Amino acid sequence: MRRGSVMGVLMVLMGLVVMPLLVNGGGHDYGKALSKSLLFFEAQRSGVLPNTQRINWRSNSGLQDGKASGVDLVGGYYDAGDNVKFGLPMAFTVTMMSWGILEYGKQMAGSGELGHALDAVKWGTDYFIKAHPQPYVLYGEVGDGNTDHYCWQRPEDMTTDRRAYRIDSEHPGSDLAAETAAAMAAASMVFRTHDPAYSGELLNHAKQLFDFADKYRGKYDSSITVAQKYYRSYSGYADELLWSAAWMYQATNEEYYLDYLGNNGDSMGGTGWAMAEFGWDVKYAGAQVLASKFLMQGKAGRHTAVFERFQQKAEYFMCSCLGKGTRNVRRTPGGLLFRQRWNNMQFVTSASFLLTVYSDYLSSSSARNAITCSSGSASPSELLSFAKSQVDYILGDNPRATSYMVGYGSTYPQQVHHRASSIVSIKVDPSFVSCRGGYNTWFGRKGSDPNLLDGALVGGPDAYDNFADERDNYEQTEPATYNNAPILGVLARLGGGSGGYNQLLPVMLPNPSTPAMINPPNSTPHPKPSLPAPVTQTSSPIIVEQKATTSWRYNGRTYYRYSTVVTNNSGKTVTDLKLSLAKLYGPLWGLSKSGEAYAFPKWLNSLPAGKSFEFIYVQAASPIDVKVSGYTLV
């Protein structure tokens, strides 16, 4: 009973594109769906539950995890409907939760869910810190899928083998170590303003884990062989190394990781594999989207040609999902992306997230406003609209009028393939549930689960929109953490709107604290050319401040990335702003062209009193001349 990705031919998914049969005009409460999605992670918690626990039918479990190996491995998440802690999908889950927060944390804060999202990430990273006791040691699994699947017990009653399995320098696992590094790096950015000390600790672990993954190469399931039947690494580890390098670059801004992406993009398949799948096993599309983001931010530098190839493959993914590519992802008659019968939902939510963030990257870029597919172009709004259609299908706009999120809508799965939710809570009936007794009493029981697994996304319908709500139908009724993790950001985006944010600029999560300066031990600073002095230009009531934020050498020339902040220093709102730019020789992001002048970016219509916005440009020259040529105060 496993939700694995069987790659077959790694390159693409083939299938027919069929238009949806059903269009439901009713809207959805994305904020409510986001709240429920976060509740699901509380139901998946292992260890000592906090007093803030909201899923109160769960209790403490796995309290001896790691003890036999002399290490504390209490905590973390159960991956799905079983009681095993699998490191690879858990790490991917945390990476995707963190990515959603980094892109759409302000929208989460607006709906009151940012705190719960941070808690969900930290529950995972606290465990990873324990699982990484030495630089070249990482525990990647607790429990054994074979013995676990023989039993049907709530986690509080577990009698199954809780052996811990690890990778080390003699038994490597580059995919596992790299994905865990990505999770730690992404989470370090999430906590940078909320908890600088914790952020620094995560980043130190991330650096060590990336070094471990790259230095001692090998597939993790060759070292942790008990994982092969459940989470086999079909794609190998090259995709995780690229994906992890992208996250390390974002978290550290160190050119070493940017160079790693640029120097290895071709040889490791990042610029070669044209993917139509993204998930816990296959990370190429995610790495390609992140590399595209760096390109659109003007950060690619001397690796621009390589990053452009990354972007071509990222857009191949988008075109394949939209049905405009050379080989498109199959869809059900009702319009749902379909990859495989076994937990297809994981691919739907992950694709929806990539479509959503790429849409916002394009909208934030002044250089590009569409992608080119073999069957025509696609605008950012088209990408977002298609992602929305997938979410709406999940929430009930489908031929069965069924929500595949437990607890959302009037009709949703009642017999979820999930040990804890299908057995009466230990708080209601503390009688011990034995290994086989659980099968005899609870597994085959016809009727709704005694505990509501609020927010869980189950495996979903088959290729023809059919779905059997039966507990033994694990292919369709089992949920998983990596189904829910990617949809968090999409739900926040759909519920909160773009809100005038530029996704190519750093997202500062709502918190007044000041970030700490992080200097991990053994890190070697890379020499940089000296940066030009900041330039401030005032044209009351508009203040323009420019500074170079980074630089690099390429073909004997020094290139600078300039940040320009425009501030409304008046007591009124500024509209119809016009800027004249002189001595601009390179690409620019964050402004819209308006005749001979430049205007607010697409995502901004006005600038309230005291507020600022930023645009950036790259060139091998001193800062441009910026003049305010027009504005209106209202």
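Refer to the structure presented above.
What counts, and at which threshold
- Residues numbered from 1 in each chain as written.
- Predicted model: local features only at pLDDT ≥ 70, side-chain atom pairs only at ≥ 80, totals over all residues.
- Heavy atoms only, no water.
- Disulfide = S-S within 2.5 Å.
- Helix = DSSP H or I, 4+ residues; strand = E, 2+ residues; numbered from the N terminus.
- Buried < 20%, exposed > 50% of the residue type's maximum accessible area, 1.4 Å probe, protein only.
- Pairing = 2+ DSSP bridges.
- Axes fitted to C-alpha atoms, helices over the stretch in contact; angles between N-to-C directions.
- Parallel < 35°, antiparallel > 145°, perpendicular 65-115°, else oblique.
- Contact = heavy atoms within 4.5 Å.

## Here we look at the state of the cysteines
Each disulfide consists of one covalent bond between the sulfur atoms belonging to two cysteines.
Thought 1: Scanning all chains against the criterion turns up 2 disulfides.
Thought 2: Between the sulfur of Cys151 and that of Cys435 lies a disulfide, 1.9 Å long from S to S. Between Cys151 and Cys435, the S-S dihedral sits near -90°, and the bridge is therefore left-handed. Taken together, the residues Cys151 in the loop between α4 (145-150) and β3 (164-168) and Cys435 in helix α16 (residues 435-443) connect sequence positions 284 residues apart.

## Some remarks on the pairing of strand β8 (residues 557-568)
Thought 1: Here β8 lies mainly inside the structure; 9 of its 12 residues are buried.
Thought 2: Alignment of β8 against strand β14 (residues 612-619), held across 8 bridges, turns out to be antiparallel. The partner of Val566 across the bridge, within β14, is Phe613.

## Remarks on the packing of helix α11 (residues 284-296) against helix α13 (residues 345-364)
Thought 1: Where α11 contacts α13, the axes come no closer than 11 Å and their chain directions differ by 10°. The orientation of α11 relative to α13 falls into the category roughly parallel. In contact with Ala285, Gly286, Val289, Ser292, Lys293 and Met296 of α11, α13 contributes Leu354, Val357, Tyr358, Tyr361 and Leu362.

## Some points on the pairing of strand β9 (residues 574-582)
Thought 1: When β9 meets strand β13 (residues 606-607), the two strands line up antiparallel, connected through 2 bridges. Counterpart to Thr575 in the pairing with β13 is Ser606.
Thought 2: By the bridge criterion, 7 bridges tie β9 to strand β15 (residues 625-633) in an arrangement that is antiparallel. By the bridge assignment, Val574 is partnered in β15 with Leu633.

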